[in-house]
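Structural overview for review
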Amino acid sequence: MAQEMEKRINEVCIRILASSRSELYLHMRFLDVALSAFSYVQNPEMGTLGTDGVGLYYNPSYLGGLYRQGRVFVNRAYLHMVFHCIFAHPWKDVRLRKKRASRLVEEETADLLWEVSCDIASEAMIDSIPLHCVRRPASVLRRETYASLGKKRRVLNAEGVFGALLEDKPDLERLRRLKEEFYVDDHSLWSGGKRRAPSQRPKENWDDIRDKMETELQSFGQDSAVGASEGILEQIKVENRDSYDYRRFLQKFAVLKEEQQIDPDSFDYGFYSYGLSLYGNMPLIEPQESREVKKVEEFVIAIDTSMSCSGELVKAFLKETYSILRETESFFRKINIHIIQCDEVVQSDDKITSQEELKAYMEHLELLGQGGTDFRPVFTRVEELLAKREFTSLKGLLYFTDGKGIFPQKMPRYETAFVLMQKEYEEIDVPAWAIKIYLDQEEMQAYKEGITDEH
């Protein structure tokens, strides 16, 4: 009898969730794949609802109570968890952000800050959707929170909310009030939860869903849902931006060259041992004293010194460059780097030939210019250097800027990347031949302060 009752309760819960999924789909067809990505799993031990990106876990009593309040509440909870997954909240590595936050607030507050930020980001997105299937009156606290955050961040994604809240150095009591206001689901499954089958790769699956959603919204967004898709597309663009991997990108500038070092790969121990056995102490072959390696030797760093770029952030950018240069496995000991400062005209051009020179340059850095922004003079200067044979194997140019300036029309003969520093999301259009690398200003600030992730 008890088993029959449990089976019937489970069937009712699945119908509730399936009905919610169908209603959301009818109004927001661009969410079709995302809404169908969950399997429904009953979990009486869970107090509310939760997801690990594969299953939607529910407590039957809680779900039933939510449904009695109204279908809108179930719809919102379902969509809340979908947005968590679309925007990759369960898989974010935020250790660096929490470390920086713990310098300003208590560690417990820093931990709670990220949980609250993710919930606010999901709820803000739902509250911006003008559809009756998810509309509910907003409380005073909710309206005040959105108004306060909106003054600091244009896009209320989790990272933006986290940074905006941190600026106010919130106390634990305030965060607990926000958690109570915006709480919808249990985040405990985000840390890994139960072991999954090898075929279950939720992060990769949701990355693929998000990529397809961006394409669909850009192509057919206006027909998908009136007023519902614009904000979602903006946040998806933020999440889909190429992640910043400066070290990996610099490998594009590597060249093949001989370097003085023992080459164990060319050493034949058979001949070595045979010589020792035949002649006593005379090996027949010694290892080569040089080997061909592919490392970075030459490139140009251009620094936008217009009014819009902070000297402190420039130093943080150079500091990270220096930390990579110290790794001899990635760079030759002798290097040829030109650091060009430019606003509307080239203000300085310094040649760096070693790690020590780069360190000295950073310690005595003085930004020159502070005028408008024109990227063209740097490319003209590099062409002049190439004509003078200042470079033998120049592979690329890194331009550190906010991206607001005049770009050259002609494609250069070397790879070019505009390293774009941003406090919050803003789409920057660069020429088709250039690469965009977005840097988060808050993470660079954390790096400048010496906060690194040990893992």
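Quick look at the structure, then. Note that the structure is a prediction, hence the values are computed from the model and not measured. (Residues numbered from 1 in each chain as written. Predicted model: local features only at pLDDT ≥ 70, side-chain atom pairs only at ≥ 80, totals over all residues. Heavy atoms only, no water.)

What follows concerns the overall build of the protein chain. Assigned secondary structure in the protein chain consists of 17 helices and ten strands. Counting across all 455 residues of the protein chain, residues that qualify as buried make up 49%. Partitioning the intrachain contacts of the protein chain with sequence separation of at least 6 by distance along the chain shows that 70% fall at a separation of at least 24. Carbon and sulfur atoms provide 48% of the accessible area of the protein chain, an area that totals close to 23300 Å². (Helix = DSSP H or I, 4+ residues; strand = E, 2+ residues; numbered from the N terminus. Buried < 20%, exposed > 50% of the residue type's maximum accessible area, 1.4 Å probe, protein only. Contact = heavy atoms within 4.5 Å. Areas by Shrake-Rupley, 256 points an atom, 1.4 Å probe, with all protein chains shown as cover.)

Moving on, we get to the packing of helix α6 (residues 107–127) against helix α9 (residues 172–182). Here α6 crosses α9 at 30°, and the two axes come no closer than 9 Å. Between α6 and α9, the angle falls in the class roughly parallel. Regarding α6 and α9, the two cross each other, and that crossing is left-handed. Every residue of α9 that contacts α6 at Glu108, Thr109, Leu112, Leu113, Val116, Asp119, Ile120 and Glu123 is listed here: Leu172, Leu175, Arg176, Leu178, Lys179 and Phe182. For the contact of α6 with α9, a count of residues per class yields eight nonpolar, one polar and five charged. (Axes fitted to C-alpha atoms, helices over the stretch in contact; angles between N-to-C directions. Parallel < 35°, antiparallel > 145°, perpendicular 65-115°, else oblique. Left-handed = near helix turned anticlockwise from the far one by under 90°. Nonpolar A, V, L, I, M, F, W, Y, C, P; charged D, E, K, R; others polar.)

This part is about helix α8 (residues 158–167). For α8, the tally of buried residues reaches nine of ten residues, placing the bulk of the element in the interior. Ala158, Glu159, Gly160, Val161, Phe162, Gly163, Ala164, Leu165 and Leu166 are the residues of α8 that are buried. Two residues or fewer after α8 comes Lys169, characterised by a positive phi angle close to 50°.

Quick look at the packing of aromatic side chains now. Per the stated rule, a full pass over the model turns up 14 aromatic pairs. Seen from their ring centres, Phe375 and Phe407 are 4.7 Å apart, and the 40° between their planes marks the pair as tilted. Note that Phe375 is positioned in the loop between α15 (355–363) and α16 (376–387) and Phe407 in the loop between β8 (396–401) and β9 (415–422), a separation of 32 residues in sequence. Across this residue pair, the class does not change: Phe375 and Phe407 are buried. (Phe/Tyr/Trp six-rings, centres within 6.5 Å; stacked < 30°, edge-to-face > 60°.)

So, on to the packing of helix α4 (residues 71–86) against α6. Geometry of a packed helix pair, given as the angle between the helix axes and the separation of the axes. The contact between α4 and α6 brings their axes to 9 Å, and the two run at 120°. Classified by the angle between their axes, α4 and α6 sit oblique to one another. The two elements α4 and α6 meet at a crossing, and its hand is right-handed. Contacts between α4 and α6 pair Arg76, Leu79, His80, Phe83 and His84 from the former with Cys118, Asp119, Ser122, Glu123, Met125, Ile126 and Asp127 from the latter. In the contact of α4 with α6, the residues fall into five nonpolar, three polar and four charged.

It is worth spelling out the sheet that holds strand β1 (residues 39–42) at this point. Sheet architecture is open: three strands sit in the order β1-β3-β2, paired in mixed fashion. Edge positions in the open sheet fall to β1 and β2 (49–51), since each of these has one partner strand only. Across the sheet, the axes of successive neighbouring strands diverge by a mean angle of 25°, strand direction being ignored. With four bridges connecting them, β1 and strand β3 (residues 55–58) associate as parallel partners. Across the sheet, Tyr40 pairs through a bridge with Leu56, a residue of β3. Lying over the sheet, helix α1 (residues 2–27) contacts β1 and β3, oriented at roughly 145° with respect to β1. Running over the sheet, α4 touches β1, β2 and β3 and is turned about 25° from β2. (Pairing = 2+ DSSP bridges.)

Attention now moves to unusual backbone geometry. Most peptide bonds adopt trans geometry, and most residues besides glycine take a negative phi value. Residue Ala88 is not a glycine yet carries a positive backbone phi of 60°. Mapped onto the elements, Ala88 comes out in the loop between α4 and α5 (95–101). Positive phi outside glycine occurs at Lys169, with the angle close to 50°. Along the polypeptide, Lys169 turns up in the loop between α8 and α9. The exposed category is assigned to Lys169, whose relative accessible area is 52%.

When you line up the elements, His84 lands in helix α4. Among residues more than four places away in sequence, those in contact with His84 are His89, Pro90, Cys118, Asp119, Ser122, Asp185, His187 and Trp190.

According to the stated counting rule, one finds 19 salt bridges in the structure shown. Across the pair Lys212 and Asp208 runs a salt bridge whose closest N-O atoms are separated by 3.2 Å. With Lys212 and Asp208 both in helix α10 (residues 202–224) and four residues apart, this pair spans about one turn of that helix. Classification of Asp208 as partly exposed rests on a relative accessible area of 37%. Residue Lys351 is joined to Glu390 by a salt bridge in which the shortest nitrogen-to-oxygen separation is 3.7 Å. With Lys351 in strand β7 (residues 346–352) and Glu390 in the loop between α16 and β8, this residue pair connects regions lying 39 residues apart in the sequence. (Salt bridge = Lys/Arg side-chain N within 4 Å of Asp/Glu carboxyl O.)

Take the environment of Leu112 next. The residue Leu112 is located in helix α6 in this model. The exposure class of Leu112 is buried, given its relative accessible area of 14%. Distance from Leu112 to Arg176, taken between C-alpha atoms, is 8.2 Å for residues 64 residues apart in sequence. Apart from residues no more than four positions distant in its own chain, Leu112 is found in contact with Leu172, Leu175, Arg176 and Lys179.

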